Amino acid sequence: MRTCSRSPLRAPRASAFLVRFAALAALAGSAVACGSTPEPVAPTDSGEDRAEKSRINQAKKLIEKSESAYADKDYDGARKYLGQARDLRVDSLEFQLNELGEKIDKRHAKLWANEVGEVIKEGDCAGAFKQIAEPIRDLQSDVFNRELRRLIGGPALACVQTKVDEATTGGKFAEARALVGSDDTKVVLGASAHKKLVAELDQTIFEALKAQLEESLKGRRWVEAMGKLDAWAKGNEVGEAQQAALLGVVRDAVVPEVTAKAQGAVGRTDAPKTLEEVDQLIKLVRWEIMPPDAAAVAKDKAAPEAVATKRQALAVWVEALRLKMKTEKAPQKRWTHGKVAVLPAVKSDAPSKRDLQGASEVWIIGTTKDLALVTEADPAGAPLDKQLEKAVGWVPVARLAAKSTVDWVPPDDQLVGARVWAPLRAPEPDLELGFVTAVKGGDVTVKRIADDKEIQVKKASLRSGRLAAGTKVKAFCQAKTQAVTIQELLPDQRTVRLVCEGGLRKDEVLPGLRARPEDLPPPR
């Protein structure tokens, strides 16, 4: 800090006034000379600050106007000014704005509650709901809605329930559904209360209409019952869910009728007529016969498994009658020779949709001149209707054998491409592996695996080329050719694992194998 000192020089005498003036001037000069800090100047507002102050002032004036309108019960005007104030976005006034908004909504809700309360007391629920639903939709205010429902929710719900009871007791279900299902009712009561009300009404109507169906169902008057359902739906007395539930009641009653009819007709000559009656019932209750995989997806349309199964058995029996099938006293076990196309069990002249692989086990239910109705499951003494439920279809009788065909040479139409044992190095008697390339009558052309050379041989000389475990062949083993046993065919399909004399195991490629005809299974 700088300090100032007086000059050591003595000033000449002067008058007292001049002395005092000079002293004041010296003091002022001394202060300036010593660098004293001047008084701070008040800062001027920036443009942004001025704008902020202006918004605050405008918002406060609008709040005053809103409060004034509120006091005059001009709630629309109060909301208008309040909205304009909010548009100014003054954060410091946000709490005040929200508080005022809630106050306006609550007071307005009370006004509406008083106005429609009298209408509700008079029992005009629909009129009151229509009147009050409009401001609820327009305002979209949770505060308004909560306050309004607090004030009139109980009387409004009671009004609806009274009207519903009157309508349902009088059988006016469409009228009750119209009141409860209206948008105005939902808006006034709120989603939760409305949902509960709808569920209660639906259950009431369902129980009432279900009772009206009982007489028709007990009398097995199915057409009459379905006619009632259609009339109720047309008159808007039921919704889709109720209609489906009531249809389920009719369907449940029809199941025993259909299954009993179908099962009882199996084995009888009048089965075709019964099948028509069964199909008419299935169509009447709007069922469809579907494959199991489709039925699992379309449960509302698919016939129940019990109905579909009994109907299938009856349809198979009708086809069996048409073909004049002779039923087996006891199903006979058979094996397919080669791959066999299966004709549909209910329509033998339709295209095949599946095959039975060669050597498949089947049981014959019955036969015609050329076809056999077969099942893949052992019937084990089951009655005819149960056997027919399991029938897979019709197959040619000529392609069924009384013994296993697993080691048989394939039939002529499937022989090309098959691996076989054949005498491919005449005059050597041993057989060698190859693939059939052509069949002509009793002659067969076989391509040797060893060198792809094609040799023509007699079909009767062939043996199946299935290389099953335990098959006896000849191969080079322990420095000589000897009889060995096949343990397994390896995954490459060109190599086998052999068991030599003494238990030694070795791998051998197929071209190195030979076999004696007598060591292989017969061709058939």
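Residues numbered from 1 in each chain as written. Predicted model: local features only at pLDDT ≥ 70, side-chain atom pairs only at ≥ 80, totals over all residues. Heavy atoms only, no water.

Novice: Let's hear about the sheet that holds strand S12 (residues 463–464): which residues, and what values?
Specialist: A sheet is described by the order of its strands in space; here 5 strands give the open sequence S11-S10-S9-S8-S12, paired in antiparallel fashion. In this open sheet, the two edge strands, each paired with only one partner strand, are strand S11 (454–458) and S12. Direction of pairing for strand S8 (residues 419–422) relative to S12: antiparallel, over a ladder of 2 bridges. By the bridge assignment, Val 420 is partnered in S12 with Ser 464. (Pairing = 2+ DSSP bridges. Helix = DSSP H or I, 4+ residues; strand = E, 2+ residues; numbered from the N terminus.)

Novice: Requested: an account of the layout of surface pockets, with residues and values cited.
Specialist: Counted as a void, the largest pocket has a volume near 510 Å³. Met 290, Pro 292, Glu 305, Ala 308 and Thr 309 are, among the 17 residues lining the largest pocket, the residues nearest its centre. If you list the elements that add at least two residues to the lining of the largest pocket, you get helix H13 (292–297) and helix H14 (305–322). Per element, the largest residue contribution to the lining of the largest pocket is 5 residues, and it comes from H14. (1 Å grid on protein atoms, 1.4 Å probe; cavity = no way out; pocket = protein on both sides within 12 Å on 5 of 7 lines; lining within 4 Å. Points joined across faces, edges and corners; volume = space filled by probe spheres on them.)

Novice: Which residues make up the pairing of strand S16 (residues 505–509), and what values go with them?
Specialist: As a general feature of sheets, a regular strand has side chains that alternate between the two faces. Where strand S15 (residues 495–499) and S16 come together, 5 bridges link them in antiparallel fashion. By the bridge assignment, Arg 497 is partnered in S16 with Asp 507. With antiparallel pairing between neighbouring strands as the criterion, S15 and S16 make up a hairpin whose turn holds 5 residues, including Gly 502 at a positive phi of roughly 85°.

Novice: Requested: an account of helix H4 (residues 94–121), with residues and values cited.
Specialist: Between its terminal C-alpha atoms H4 stretches 40 Å, which fits the 40 Å expected from 28 residues at 1.5 Å a residue. Of all bends in H4, the biggest is about 25°, found at Glu 115. (Expected span 1.5 Å × (residues − 1). Bend = angle between axes of the 7 residues up to and from the residue.)

Novice: Could you give me a rundown of the side chain of Thr 471, with the residues and numbers involved?
Specialist: Tracing the backbone through its elements, the reader meets Thr 471 in the loop between S12 and strand S13 (472–477). Sequence-distant contacts of Thr 471, that is, excluding residues within four places in its chain, are made with Arg 466, Val 484, Thr 485, Ile 486 and Leu 520. (Contact = heavy atoms within 4.5 Å.)

Novice: Talk me through the confidence of the model for the protein; I want residue IDs and the actual numbers.
Specialist: The pLDDT averaged across the protein works out to 89; a share of 91% of its residues lies at or above 70. Of all the helices and strands in the protein, helix H1 (residues 16–33) carries the lowest mean pLDDT, 43, while strand S5 (residues 371–375) carries the highest, 98. In this model, residues 1–35 is a region of pLDDT below 50 whose contacts with residues beyond four sequence positions or in other chains number 6 contacts. (pLDDT = per-residue confidence, 0-100.)

Novice: Lay out the state of the cysteines with the relevant residues and their values.
Specialist: As enumerated under the stated definition, the model contains 2 disulfides in all. Note on cysteine connectivity: Cys 125 is disulfide-linked to Cys 159, with sulfurs 1.8 Å apart. The S-S bond linking Cys 125 to Cys 159 shows a torsion near -95°; that makes this disulfide left-handed. Of the two residues, Cys 125 is situated in helix H5 (residues 125–139) and Cys 159 in helix H6 (residues 142–169); the sequence distance between them amounts to 34 residues. Accessibility classification places Cys 125 together with Cys 159 in one group, the buried group. A sulfur-sulfur separation of 1.6 Å characterises the disulfide bridge that pairs Cys 477 with Cys 500. Taking the sign of the S-S torsion, 100° for the link of Cys 477 and Cys 500, the bridge is right-handed. Of this pair, Cys 477 sits in strand S13 while Cys 500 is found in the loop between S15 and S16, placing the two residues 23 residues apart along the sequence. Exposure class is identical for Cys 477 and Cys 500. Each is buried. (Disulfide = S-S within 2.5 Å. Buried < 20%, exposed > 50% of the residue type's maximum accessible area, 1.4 Å probe, protein only.)

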